[in-house]
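If you want the building blocks of each chain, they are given just below.
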Amino acid sequence: MAESQHISSKFIPDRGPARYFHGRKKILRNFNELLQYASEKTWGTIFLIQGAPGAGKSALLYECEKLAGSGGWKTSRIHAPALWEVDELRQSLDSKRKLNIEGGAAKVAIPGIAEAGVSAELPPQTVKGLLQKGKVPLLLILDEAQVLGTTNKPSGEQAKIASNVVDVVHNGTLGRPVVLIAGGLGTTLKSFEALGISRFAEDCFVELGALSKKSERAVIQDWLNKEGRAKGDPTAWIDAIAKETQGWPRHVQSYSKRAADYLEARDGIMTVNGLKAVLEAGRRGRAVYYKQRVDRFRGDQIRCLAMSIAGVPHGKPAEYKDIMSLLVNEYGESKANKLFDRFIEKGLLEESGIGYAVPIPSMHTWLTEEYAFEKIEIPQDSQSKRISIEQNPGKER
């Protein structure tokens, strides 16, 4: 049995807080300055973090939440409907007053105190009104915010309410410091545009990409030393892993975790064969991740995308017209537009410079290798005949 098959793995979620967080200093500094300004000026706005799957959006949201909490802000994680449904927002805010509706009247129950026993008609609460209550600065955290334009897209009266709510939050007119920080895929900006938010302040909009080389290496080293208890200089392992992960947070954690598991099971001893085993396991995990990303598309659709970027170096953008020309030729204009939007929505493409690129360099390579070129198997007898002809070029064919 190959050594790579002996790598045991403890379960660690690949979403939520990062086990070891490094980098994103400028983003965190901008966000912290925003919180300070909003608190001092009784103001607020929306801070948007947008990026492809695996870019580390959720981990960054947790770091921002920690910053706010340490600065005296109340923090509340919300789901999209909290922007237009009072009960949803109230539940997210964990309101201390619970209203028991009986026969159209509201009885006020206060935790720790017996029911007041006073039945009174209360004016209907609104989302805006609920956000205005209280003086403590409030941070609302919305992850997977792209659903505002897809599975949780408000319509009709809901859309009107949501539009009004995001407007007063974005423009800081609630009379209370309220900041909404949202993280989502590449279509999230358009989702907010559909609700009337035409632009974000320069320091309040983040296109999240790869980690810096320094931060990437720091994360890998923490995993090797703190989790794997590596003995000796881990530089060779860090170099090899970083070459594979290319700064992409999801890959950095995936490879590093496997390396830490391997070392922990072997008393921290690093060997050449051990490193090979870790890299092989990491590549398999990376391929599984990419297959999950394309799972909702047919093979011909992914092949069409792969063909459109095959001649472009990874990390570089392909022009919109080059991608669309292949899609339109294959599926017609209407279906091509919908398919292109789905590529953006699922994080297979993102805006880059003057065009669109696969956000993860190694995924660009994987797509072109797996889908852009047909894998043609030559029958054994035909292969033997070809070799014979090559060895005897003067022989009549």
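Since the model is a prediction, treat every value here as computed from it, not as a measurement.

Q: Is there a simple way to explain the overall build of the protein in this structure?
A: Broken down by element type, the protein carries 15 helices and 10 strands. Taking all 397 residues of the protein together, 45% fall into the buried category. Residue pairs at least 24 apart in sequence account for 75% of intrachain contacts in the protein once pairs closer than 6 positions are excluded. Of the roughly 21500 Å² of accessible surface on the protein, 50% is carried by carbon and sulfur atoms.

Q: Any chance you could explain the packing of helix H11 (residues 299–309) against helix H14 (residues 361–372) here in plain terms?
A: Packed helix pairs are specified by the crossing angle of their axes together with the interaxial distance, meaning the distance between the axes. For the pair H11 and H14, interaxial distance at closest approach is 8 Å and the crossing angle is 120°. For the pair H11 and H14, the crossing hand works out as left-handed. Listed contacts from H14 to Gly299, Ile302, Arg303, Ala306, Met307 and Ile309 of H11 are His364, Leu367, Thr368, Tyr371 and Ala372. Its residues assigned to classes, the contact of H11 with H14 comprises seven nonpolar, three polar and one charged.

Q: Which parts of the structure should I look at to understand the packing of aromatic side chains?
A: Each aromatic ring pair is summarised here by two numbers: the centre-to-centre distance and the angle between the ring planes. One pass over the full model with this rule turns up 13 aromatic pairs. Taking the centre distance of 5.1 Å and the plane angle of 85° together, the rings of Tyr320 and Phe340 count as edge-to-face. Within this pair, whereas Tyr320 is found in helix H12 (residues 320–331), its partner Phe340 is found in helix H13 (residues 333–345), the two being separated by 20 residues in sequence. The exposure class assigned to Tyr320 is partly exposed, which follows from its relative accessible area of 37%.

Q: Could you clarify how one ought to interpret the pairing of strand E7 (residues 178–184) in this entry?
A: In summary, the side chains of a regular strand alternate between the two faces of the sheet. With seven of seven residues buried, E7 lies mostly within the body of the structure. The side-chain alternation of E7 yields two buried faces, one formed by Val178, Leu180, Ala182 and Gly184 and the other by Val179, Ile181 and Gly183. By the bridge criterion, five bridges tie strand E1 (residues 46–51) to E7 in an arrangement that is parallel. Within E7, the residue paired with Phe47 across the bridge is Ile181. Two elements, strand E6 (residues 138–142) and E7, share five bridges in a ladder whose sense is parallel. For Leu139, the partnering residue across the bridge sits in E7 and is Val179. Note that the unit made of E6, helix H5 (residues 157–170) and E7 has a crossover that is right-handed.

Q: What exactly am I supposed to notice about the packing of helix H10 (residues 272–293) against H14 here?
A: Put simply, H10 and H14 touch, their axes get as near as 11 Å, and they point 75° apart. One finds that H10 runs roughly perpendicular with respect to H14. Here Arg286, Ala287, Tyr290, Lys291 and Arg293 of H10 come into contact with H14, specifically with Ser362, Met363 and Trp366. For the contact of H10 with H14, the per-class residue count stands at four nonpolar, one polar and three charged.

Q: Got a minute to help me understand the sheet that holds strand E2 (residues 74–77) in this structure?
A: Strands pair in a sheet through their backbones, by hydrogen bonds, and they do so in one of two ways: parallel or antiparallel. One open sheet holds the five strands; their spatial order is E2-E6-E7-E1-E8, and the pairing between them is parallel. Edge positions in the sheet fall to E2 and strand E8 (205–208), since each of these pairs with one other strand and no more. On average, each strand axis in the sheet is inclined to that of its neighbour by 15°, with strand direction left out of account.

Q: What is the right way to read unusual backbone geometry from this model?
A: A negative phi angle characterises most non-glycine residues, just as the trans form characterises most peptide bonds. Despite not being glycine, Arg24 shows a phi value in the positive range, around 60°. Topologically, Arg24 is positioned in the segment before helix H1 (25–41). You can call Arg24 buried: its relative accessible area is 13%. Despite not being glycine, Arg229 has its phi angle at roughly 50°, a positive value. Among the secondary structure elements, Arg229 is positioned in the loop between helix H7 (213–227) and helix H8 (235–245).

Q: Would you take a moment to explain the confidence of the model for the protein for this structure?
A: Parts of the model with low pLDDT should not have their predicted coordinates read in detail. Mean pLDDT over the protein works out to 86, with 82% of the residues at or above the 70 mark. Counted against residues more than four places away or in other chains, residues 95–121, with its pLDDT under 50, gives 32 contacts.

Q: What is the right way to look at the side chain of Glu65 in this model?
A: Looking at the element boundaries, Glu65 is found in helix H2 (residues 57–70). By relative accessible area, Glu65 is classed as buried at 17%. Every residue in contact with Glu65, bar those within four places of it in the chain, is listed here: Thr75, Arg77, Leu139 and Ile141.

Q: Quick question: what am I supposed to make of the pattern of salt bridges here?
A: Pairing between side chains of opposite charge can happen when their charged atoms approach one another. Under the defined criterion, the tally for this structure stands at 13 salt bridges. The partner of Glu227 in a salt bridge is Arg19, with the nearest N and O atoms 3.1 Å apart. Of this pair, Glu227 sits in helix H7 while Arg19 sits in the segment before H1; the two residues are 208 residues apart in sequence, bridging distant segments of the chain. On the basis of relative accessibility, which here comes to 13%, the residue Glu227 falls in the buried class. Judged by its relative accessible area of 42%, Arg19 falls in the partly exposed class.

Q: Honestly, the environment of Gly268 in this entry has me stumped. Any pointers?
A: Following the sequence through the fold, Gly268 ends up in the loop between helix H9 (249–264) and H10. Setting aside anything within four residues of it in sequence, one finds Gly268 in contact with Gly228, Arg229, Ala230, Lys231 and Leu263.

Rules used in this analysis
- Here, residues in each chain are numbered from 1, in the same order as that chain's written sequence.
- Local features are withheld for residues below a pLDDT of 70 in this predicted model, meaning they are given only at 70 or higher, and side-chain atom pairs are given and counted only at 80 or more; totals for whole chains, interfaces and linings count all residues.
- Values shown for side chains rest on all heavy atoms present in the structure; no hydrogens or waters enter the calculation.
- A run of H or I in DSSP becomes a helix once it reaches four residues, and a run of E becomes a strand once it reaches two; helices and strands are each numbered from the N terminus.
- Categorising residues by exposure relies on relative accessible area from a 1.4 Å probe, with only protein chains included: less than 20% of the type maximum marks a residue as buried, more than 50% marks it as exposed, and the intermediate range marks it as partly exposed.
- By definition, residues are in contact when any of their heavy atoms lie within 4.5 Å.
- In short, Shrake-Rupley with a 1.4 Å probe defines the accessible areas, and a residue's cover is counted only from the protein chains shown.
- Axis definition: a line fit to C-alpha positions, over the contact stretch in the case of helices; interaxial angles, taken between N-to-C directions, run 0 to 180 degrees.
- The crossing is said to be left-handed when, going from far helix to near helix, the turn is anticlockwise and less than a right angle, and right-handed when the turn is clockwise.
- Each residue is assigned to one class: nonpolar for Ala, Val, Leu, Ile, Met, Phe, Trp, Tyr, Cys and Pro, charged for Asp, Glu, Lys and Arg, and polar for all the others, Gly among them.
- Only rings of Phe, Tyr and Trp enter the pairing, Trp through its six-membered ring, and a pair is recorded when the two centres are within 6.5 Å. The plane angle decides the type: under 30 degrees is stacked, over 60 is edge-to-face, the rest tilted.
- Strands were regarded as paired on the criterion that DSSP finds at least two bridges between them.
- Whether a crossover is right-handed comes down to one check: with the strands pointing away from the viewer, does the path from the first strand over the helix to the second run clockwise; if it does, it is right-handed.
- Angular relationships are summarised with four words: roughly parallel below 35 degrees, roughly antiparallel beyond 145, roughly perpendicular across 65 to 115, and oblique for the angles in between.
- Scored from 0 to 100, pLDDT reflects the predictor's confidence in each residue.
- Each reported salt bridge corresponds to a side-chain nitrogen of Lys or Arg within 4 Å of a carboxyl oxygen of Asp or Glu.

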